[in-house]
Amino acid sequence: MNTPTIEAIQKAAHTMTASARKQGYSLDPRHGGAIHYYTAPDGSIMFARLRLKHPDTGEKWIRPLRRDVSGVWCELKAPEFEGGAPLYNLHQLCNPARQSERVILVEGEYKVDMLALRSIIATTSGGAQSVDAADWQPLAGRNVLIWPDNDKAGFEYAQHAADKLRALGCEVAFIDVAALNLPPKGDCVDWLKAFHQQHGHKAMAADIWVLPVIERAPEEIEAVGNVLSPLINAGEAIPYPETAAQPDIPPAQTDDEKIQWLASLKPLEYDRVRKEQATALGVRPGTLDGMVKAARSDESEADRLPFAEVEPHPEPIDPAQLLNEVSDTIQRFIVLDIEQAHAACLWVALTWFIDVVEVAPLAIINAPEKSCGKTQLLTVLGRMAYRPLPASNASASALFRAVESWKPTILIDEADTFFRDNTELHGMVNAGYLRDGFVLRSEAVGDSFEPRMFSVFSAKALAGIALEKHLPDATMSRGVVFNLRRKLSHESVSRLRHADRGLFTGIAEKLARFAADYSQQVRQARPSLPDALSDRDQDNWDGLLAVASCAGDEWLDWAMKAALKLSGAGEKTVSTGNELLADIQHVFEIKRITKISTADLIAALCDDDESAWATYNRGKPITPRQVAKQLAAYGIASKNIRLGAYETPKGFELSQFLDAFVRYLVTPLNLPPHRHKSLEANKHGVLDVADNPPQKTTRHNPATPEAPPLLGCGGVADKTPILGMGEECEIEI
């Protein structure tokens, strides 16, 4: 849906309903008010229906809202459609990915919204008298389940709509409202409220799909209303009477459906029908008890989850306003740059789209010291993220099983210590970066073990101190890094412990609605990614920019700036091998040489006060073996090189590095040309520099000779260089 259009409709609705609101009618969703957006197949808004309700009398004020000829939303009239009025939720009905799903038809838009929140595709033509004016063609050939309102008008609407649908080749059935114990005029919303009150949790799609179904529309309204007490009002829970001999047994069901029904009964009700139902199922009562217990365990799974399941916000949201709210909330509690706040906001939103993105970039919250807010930021993100699961002390096996079962957002604090020796966790986190990421583990099956693939794809956030030193390069490259700093005395943030929990709950509900309405748009988004980002960084930011694109050009621009600042060339986390390559390139560039011994190379690397090579080996200089190990990854190995007439130490030639420089670094333009040429002799004048013609006397040495006492360069391979002489001759390095 188009954000500017929604804003224009909301503004117009406030103006056009001023008179009704003065009479006590409310547009507030808390009082039953709503704005329902009728869409075209592509999701664009064609018109809206305003629904106001009086909090005291319950009376409704419903009007359509359309554009005038100039395009301004200012007319309380329904548009004219040549082929009939569009069905509500038309863009979902026309979604190619949902063509095989069963559709529930109800009377009224609010009921559609309540079912859509449970991932059910539902629709309506509007009110009870809207059947003939609607265009039913989008449902042609579909499987449609009609949920009538429990009154005469509701049954007539259901029957009339069924006739239209059958003429289009639809397979039509009806929910048996007589078996639902609904009050007169009760509808699906009343049933949802009653279910919540009776069972202690909200009904989900699975609870709705097992409701009793009949093949023809109910005809006798009295037969339905007679079973209800006249004292029961719509919206109240309708528990089974405790004094009844038996609970009402639903019509014919499959075995699984009957087990689910039995599991929904209270203990006393279940005991009354236990033996009879066991006989009907052909099992012992003890066996039935076990099956019902297992079903009850499945039903209560949500109550045992380590995170709260969030109900989506009842009203459509404005993505730009929502992202602004999330970003402002982060900055309210954390000191960080605006680009970091935007990136953190997009990452939180991305967790709610985890089912439609292909890459889940890590949120790597890094700090140089304690008290920089890393744990605070991790907590703030977790309170708004999808299914947050703190896992700082969890084992790798517990984590990949949790991801397989729940697809949570993993939150790991103190990652600098937690990750240090946990190589299994490294693999799980790295593999879970891509949608098809799995880990292969053996699992006990009887007396043997069988291999099993566990999906580990999920959103993950890591927080710690100096993570660039503790996390593998492969892990760092898979994330967006938030480098926090300690706040100054004049920088002020709110205390998280004083924050209202309802603040984060409200944001989470809006994010859930954001994901429900825009998942298809995020799935299909192909944002343009800046060339300044590496291939891996483009993967990291692809989903984040797709989310930003839903909020308009301004947010897309902010996201691009955040990507360039946090992951651009100036902010990259460089691997150890890449850093070594860059420093070796610098040595060749500054010294203007084409070959160098290993010992002299190490001396030159350690001469740089800003490099880590002087203390790389536990406080001592990097060793030849460590240099060889790092360079081996790039296909570079030391070899015997000739430095002067007599010296052939182990070392490297510039030609060995050129391919790696081009592939992994930005090669400077002032490297020495790669060709043999004579350089000036060293100032001692004892030997010519490398590449000069050899002396006439030929010696065949079985081993590398000792360095001449006056030679200040080209020492024996891999031996410590003579200190203090590196700057006195060009062939020294």
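Residues numbered from 1 in each chain as written. Predicted model: local features only at pLDDT ≥ 70, side-chain atom pairs only at ≥ 80, totals over all residues. Heavy atoms only, no water.

Description of helix 21 (residues 501–524)
Side chains of residues three or four places apart in an α-helix project in the same direction, reflecting 3.6 residues per turn.
Here's step 1: The end-to-end C-alpha separation of helix 21 is 34 Å, in line with the 34 Å expected for 24 residues at 1.5 Å each.
Here's step 2: Within helix 21 the residues assigned to the buried category are Phe-504, Ile-507, Ala-508, Leu-511, Ala-512, Arg-513, Phe-514, Ala-515, Tyr-518 and Val-522.
Here's step 3: Its side-chain oxygen at 3.0 Å from the backbone nitrogen of Gly-502, Asp-500 defines the N-terminal cap of helix 21. (Helix = DSSP H or I, 4+ residues; strand = E, 2+ residues; numbered from the N terminus. Expected span 1.5 Å × (residues − 1). Buried < 20%, exposed > 50% of the residue type's maximum accessible area, 1.4 Å probe, protein only. Polar contact = N/O pair within 3.5 Å; in protein donor to acceptor, adjacent residues only side chain to side chain.)

Here we look at the packing of aromatic side chains
For any pair of aromatic rings, the description rests on two quantities: the centre-to-centre distance and the angle between the ring planes.
Here's step 1: Per the stated rule, a full pass over the model turns up 17 aromatic pairs.
Here's step 2: Between Trp-613 and Tyr-616, the ring centres sit 5.5 Å apart and the planes meet at 45°, which makes this aromatic pair tilted.
Here's step 3: Among the residues examined, Tyr-616 registers a relative accessible area of 31% and is labelled partly exposed.
Here's step 4: Ring-pair connections join several aromatic residues into one group, and the members of that group are Tyr-38, Phe-47, Phe-81 and Tyr-88.
Here's step 5: A cation sits over an aromatic face here: Arg-51 above Tyr-110, 5.4 Å from the ring centre.
Here's step 6: Over the face of the ring belonging to Trp-61 we find Arg-63, whose NZ or CZ atom lies 4.4 Å from the ring centre. (Phe/Tyr/Trp six-rings, centres within 6.5 Å; stacked < 30°, edge-to-face > 60°. Lys NZ or Arg CZ within 6 Å of the ring centre and 35° of its normal.)

Considering the pattern of salt bridges
Here's step 1: Counted according to the given criterion, the structure contains 23 salt bridges.
Here's step 2: A salt bridge links Glu-311 to Arg-118, with the nearest nitrogen and oxygen atoms 3.6 Å apart. With a gap of 193 residues between them, Glu-311 in the loop between helix 12 (301–304) and helix 13 (319–333) and Arg-118 in the loop between helix 4 (109–116) and strand 6 (122–123) connect regions that are remote in the sequence. Arg-118 carries the same exposure label as Glu-311, and that label is buried.
Here's step 3: A salt bridge links Lys-374 to Glu-414, with the shortest nitrogen-to-oxygen separation between them at 3.6 Å. Separated by 40 residues along the polypeptide, Lys-374 in helix 15 (residues 374–384) and Glu-414 in the loop between strand 12 (409–412) and helix 17 (415–418) bring together distant segments of the chain. (Salt bridge = Lys/Arg side-chain N within 4 Å of Asp/Glu carboxyl O.)

Let's talk about the pairing of strand 8 (residues 171–175)
Sheet faces and side chains relate simply in a regular strand, where the side chains alternate between the two faces.
Here's step 1: Among the five residues in strand 8, four count as buried, and that is most of the element.
Here's step 2: Bridging between strand 7 (residues 143–146) and strand 8 involves four bridges; their strand directions are parallel. Paired with Leu-145 across the strands is Ala-173, a residue of strand 8.
Here's step 3: For the segment spanning strand 7, helix 5 (residues 152–167) and strand 8, crossover handedness is right-handed.
Here's step 4: Bridge count for strand 8 against strand 9 (residues 213–214) is two bridges, and the pairing is antiparallel. Note on strand 9: the bridge partner recorded for Ile-175 is Val-213. (Pairing = 2+ DSSP bridges. Right-handed = clockwise from strand over helix to strand, strands pointing away.)

Observations regarding the nonpolar core
Here's step 1: Residues Ile-330, Phe-353, Met-384, Phe-482, Leu-511, Phe-514 and Trp-541 are the most contacted members of the largest nonpolar core, which totals 85 residues.
Here's step 2: Those residues within four positions of Phe-514 in sequence are excluded, and the remaining contacts are Ile-317, Pro-319, Leu-322, Leu-323, Ala-349, Phe-353, Ser-519, Val-547 and Cys-550.
Here's step 3: Of all hydrophobic cores here, the second largest spans 28 residues; its members include Met-114, Leu-115, Leu-117 and Ile-175. (Core = buried A, V, L, I, M, F, W, Y, C linked by side-chain atoms within 4.5 Å. Contact = heavy atoms within 4.5 Å.)

Concerning unusual backbone geometry
Here's step 1: Here the phi dihedral of Lys-185 falls at roughly 70°; this positive angle occurs in a residue that is not glycine.
Here's step 2: Mapped onto the elements, Lys-185 comes out in the loop between strand 8 and helix 6 (188–199).

Section: the sheet that holds strand 1 (residues 34–39)
Here's step 1: Strand order in the open sheet formed by four strands is 1-2-3-4, with antiparallel pairing between adjacent strands. Bordering the open sheet on either side are strand 1 and strand 4 (73–75), each of which pairs with just one other strand. Neighbour-to-neighbour, the strand axes of the sheet open up by a mean angle of 35°, direction not taken into account.
Here's step 2: Two elements, strand 3 (residues 60–67) and strand 4, share two bridges in a ladder whose sense is antiparallel. In the strand pairing of strand 4, Arg-66 is matched with Glu-75. (Axes fitted to C-alpha atoms, helices over the stretch in contact; angles between N-to-C directions.)

Considerations on the packing of helix 24 (residues 576–591) against helix 25 (residues 598–607)
Here's step 1: Contact geometry for helix 24 and helix 25: axes closest at 10 Å, N-to-C directions at 100°. Classified by the angle their axes make, helix 24 and helix 25 are roughly perpendicular. Between helix 24 and helix 25, the contacting residues are Leu-580, Asp-583, Ile-584 and Val-587 on the first element and Leu-601, Ala-604 and Leu-605 on the second.
Here's step 2: Split into classes, the residues belonging to the contact of helix 24 with helix 25 amount to six nonpolar, no polar and one charged. (Parallel < 35°, antiparallel > 145°, perpendicular 65-115°, else oblique. Nonpolar A, V, L, I, M, F, W, Y, C, P; charged D, E, K, R; others polar.)

Digging into the side chain of Glu-109
Here's step 1: For Glu-109, the location among the structural elements is in helix 4.
Here's step 2: Given a relative accessible area of 8%, Glu-109 falls into the buried group.
Here's step 3: With near-sequence residues (within four places) excluded, Glu-109 lies in contact with His-36, Tyr-38, Arg-49, Tyr-88, Thr-124 and Gly-126.

Quick word on a nonpolar patch on the surface
Here's step 1: Taken together, the side chains of Phe-438, Leu-440 and Met-453 define a hydrophobic patch exposed on the protein surface, amounting to about 300 Å² of accessible area.
Here's step 2: Looking at the element boundaries, Phe-438 is found in strand 13 (residues 438–445). (Patch = residues over 30% accessible without salt bridge, like charges linked within 9 Å, V, L, I, M, F, W, Y side chains within 5 Å. Areas by Shrake-Rupley, 256 points an atom, 1.4 Å probe, with all protein chains shown as cover.)

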